[in-house]
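Descriptive analysis of the structure
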Amino acid sequence: MQVKNLGEFGLIQRISGKFESPDQQGFIGIGDDCSVIPKDDLDSYLVTCDTLVENIHFLISNIEPHDLGYKSLAVNLSDIAAMGGIPEYAFLSMALPVETGTSWIDKFLDGLHDLAIREHVVLAGGDTTKSPRNIAIAITVIGIIKKGNIKRRNGAEPGDKLFLTGSAGDSGGGLRLLTEGHENEADQSATDLIQAHNRPKVHTSEGAWIGTLSAVHAMIDLSDGLASDARHIAESSGVSIRIDLDKVPVSESLLIKAGEYGWDVTELAVSAGEDYSLLFAADASESDRIQSAYFEKFGEHLTCIGEVRVGEGVDFYRKGKKVKKPYHGFDHFKK
Ligand code: ADP
Ligand code: MG
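Starting afresh in each chain, residues are numbered from 1 along the sequence in its written order. The order in which chains are written sets their letters, starting at A; the order in which ligands are written sets their numbers, starting at 1. In view of the model being predicted, local features appear only for residues whose pLDDT reaches at least 70, and side-chain atom pairs are presented and counted only at 80 or more, with totals across whole chains, interfaces and linings using the full set of residues. Processing note: side-chain calculations cover all non-hydrogen atoms of the structure and skip hydrogens and water entirely.

1. Overview of the pairing of strand β11 (residues 313–318)
Where strand β8 (residues 240–244) lies against β11, five bridges are found, and the strand directions are parallel. Considered in β11, the bridge of D244 is made with Y317. Strand pairing requires that DSSP identify at least two bridges connecting the strands. Secondary structure elements are taken from DSSP: a helix is a run of H or I of four residues or more, a strand is a run of E of two residues or more, and numbering for both begins at the N terminus. By the bridge criterion, two bridges tie β11 to strand β12 (residues 321–322) in an arrangement that is antiparallel. Directly across from Y317, in β12, lies its bridge partner K322. In this antiparallel pair of consecutive strands, β11 and β12, the connection spans two residues, and K319 shows a positive phi of 50°.

The following block contains the structure:
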């Protein structure tokens, strides 16, 4: 048997099955966006790591080094946001082919530095090694969170409403432009989508604010795609999730480009991933209050895209009718 038969999630299960969890109050190991390590009575540390590999996560010809530096940190900050925490320290590990240009490295570091400054994250260490062929970037981020603010994937309750910050599908649209020969398109819509893919907005302030809301029961960030990430909440919480496809927010730029190239907008919004919007479940009776407070604070709409029910799995509805087509997210070892 090979790892491709196991799939990414099967592999993670195989790993977690071999190691025991410490008997420590408040410790959370494998299975959420971050691990949680208790600090003191009030606070816990959040720890997350993510790896970007050349030719898997990015093509060197399709992303400016400055953007790649930014994105490498952004994807980690998104996992801290998804728990409701505040990022503090980053560790950067780089595996580089010996031919990598120093000007490329400088620009990469500038991009990472820009986001680190903006988010008040300190680069605290890392590791450097030679790579036989491709570039690999692995970043670990440590954050801090009040114990009462921790939002896990497993707290969604039947009756909750499901909310999404930002929109879905732009990053997937950007990836299609980049990989289908439209990388040089310079109209505003194309620029927006490519930017969403190469330099995703991270919802750090939004996540930290959502963390303070006791009506929010579960949260995750959209890294693998709405279908897959909603399934993570459904499985961890032991509930079923209904998503109304008509309500999933998509940008004007995505609609324009999808119209031009005949893309399936729903497929991109639900399956493509890397949007780094936050998906969360909250008490239905608090819905209006949360939505208006969010708008007041961030000047953007928080969209209710569905609800949590008794049962299992994720069901998609359009115009009130259940959609038969199965949507999947991204799995690293499956094609
Ligand atoms: P995300 O997409 O939010 O970054 P992942 O799908 O990468 O999350 O990881 C899911 C969970 O599995 C996390 O808790 C992560 O710490 C854990 N995990 C992933 N890969 C490994 C590994 N190689 N060893 C131990 N834990 C892992
Ligand atoms: Mg995540």
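2. Describing the coordination of the magnesium ion (ligand 2)
Only D33 (OD), D79 (OD) and D221 (OD) from the protein coordinate the magnesium ion (ligand 2), and they sit 2.0 to 2.1 Å from it. In primary sequence terms, the donor set of the magnesium ion (ligand 2) follows D-x45-D-x141-D. Placement of the pair is D33 in the loop between α1 (3–18) and β1 (35–38) and D221 in strand β7 (residues 216–221), with a sequence separation of 188 residues. The same class applies to D33 and to D221, which are both buried. In this listing, donors mean N, O and S atoms no farther than 2.8 Å from the metal, or 3.2 Å for Na, K and Ca; water is missing from the atoms, so a site can look incomplete. Each residue gets one of three labels from its accessible area relative to the maximum for its type: buried under 20%, exposed over 50%, partly exposed in between, using a 1.4 Å probe on protein chains only.

3. Describing the pattern of salt bridges
Whenever a carboxyl oxygen of Asp or Glu lies within 4 Å of a side-chain nitrogen of Lys or Arg, that contact is scored as a salt bridge. All told, the structure shown has 18 salt bridges when counted by the stated rule. We note a salt bridge from R153 to D32, for which the minimum N-O separation is 3.6 Å. Residue R153 is found in the loop between β5 (136–146) and β6 (161–165), and its partner D32 is found in the loop between α1 and β1; the two are separated by 121 residues along the sequence. Residue classification places D32 among the buried positions, given a relative accessible area of 13%. A salt bridge links E206 to K201; the shortest N-O distance between them is 3.2 Å. E206 sits in the buried class, given a relative accessible area of 5%. A residue is classified by how much of its surface remains accessible, and K201, at 42% relative accessible area, is partly exposed. The structure contains a network of salt bridges with shared partners spanning D32, D33, R152 and R153.

4. Comments concerning the site of ligand 1
For this purpose, a residue is taken to be near a molecule or strand whenever a single non-hydrogen atom of the residue falls within 4 Å of it. Taken together, E8, I12, I15, I30, G31, D32, D33, D50, D79, R153 and S223 are the residues near ligand 1. D50 is positioned with one of its side-chain polar atoms (N or O) 3.5 Å from an oxygen atom of ligand 1. Measuring from an oxygen atom of ligand 1, one finds a side-chain N or O atom of D79 at 2.9 Å. In isolation ligand 1 has 560 Å² of accessible area, and contact with the protein removes 67% of it. Examining the composition of the shell around ligand 1, we find that three residues originate from one element, α1, more than from any other. Polar contact is the term for a pair of N or O atoms within 3.5 Å; when the atoms are in protein, one must be able to donate a hydrogen and the other to accept it, and sequence-neighboring residues count only if both atoms are side-chain atoms. For every accessible area listed, the method is Shrake-Rupley and the probe measures 1.4 Å; residues are considered covered only by the protein chains on display.

5. Description of the sheet that holds β8
Here we have seven strands laid out as an open sheet, ordered β7-β9-β6-β10-β8-β11-β12, and mixed in their pairing. Strand pairing shows two members of the sheet lacking a second neighbour, β7 and β12, which therefore form its edges. Where β6 meets strand β9 (residues 278–282), four bridges bridge the pair, whose relative direction is antiparallel. Within β9, the position partnered with L162 by the bridge is A281. Contacts are residue-level and defined by heavy atoms, with any inter-residue pair within 4.5 Å sufficient. To define axes, lines are fitted to C-alpha atoms, for helices over the stretch in contact only, and angles between the resulting N-to-C directions are given on a 0 to 180 degree scale. In the packing of helix α6 (residues 204–211) onto the sheet, contacts are made with β6, β7 and β9, and the angle to β9 comes to roughly 15°.

6. Some details on the layout of surface pockets
To find leftover empty space, a probe the size of one water molecule is rolled over the atoms. Estimates place the volume of the second largest pocket at around 300 Å³. Lining the second largest pocket are 16 residues, with S167, D170, A196, K201 and D275 positioned closest to its centre. Elements with a contribution of two residues or more to the lining of the second largest pocket: α4 (170–179) and α5 (188–198). In terms of residue count, α5 provides more of the lining of the second largest pocket than any other element does, three residues in total. The method works on a 1 Å grid over the protein atoms by themselves. A cavity is a set of points holding a 1.4 Å probe that cannot get out, a pocket is an open set with protein on both sides within 12 Å along at least five of seven lines, and residues with an atom within 4 Å of a point line them. Grid points are joined across faces, edges and corners, and a volume is the space filled by probe spheres set on the points.

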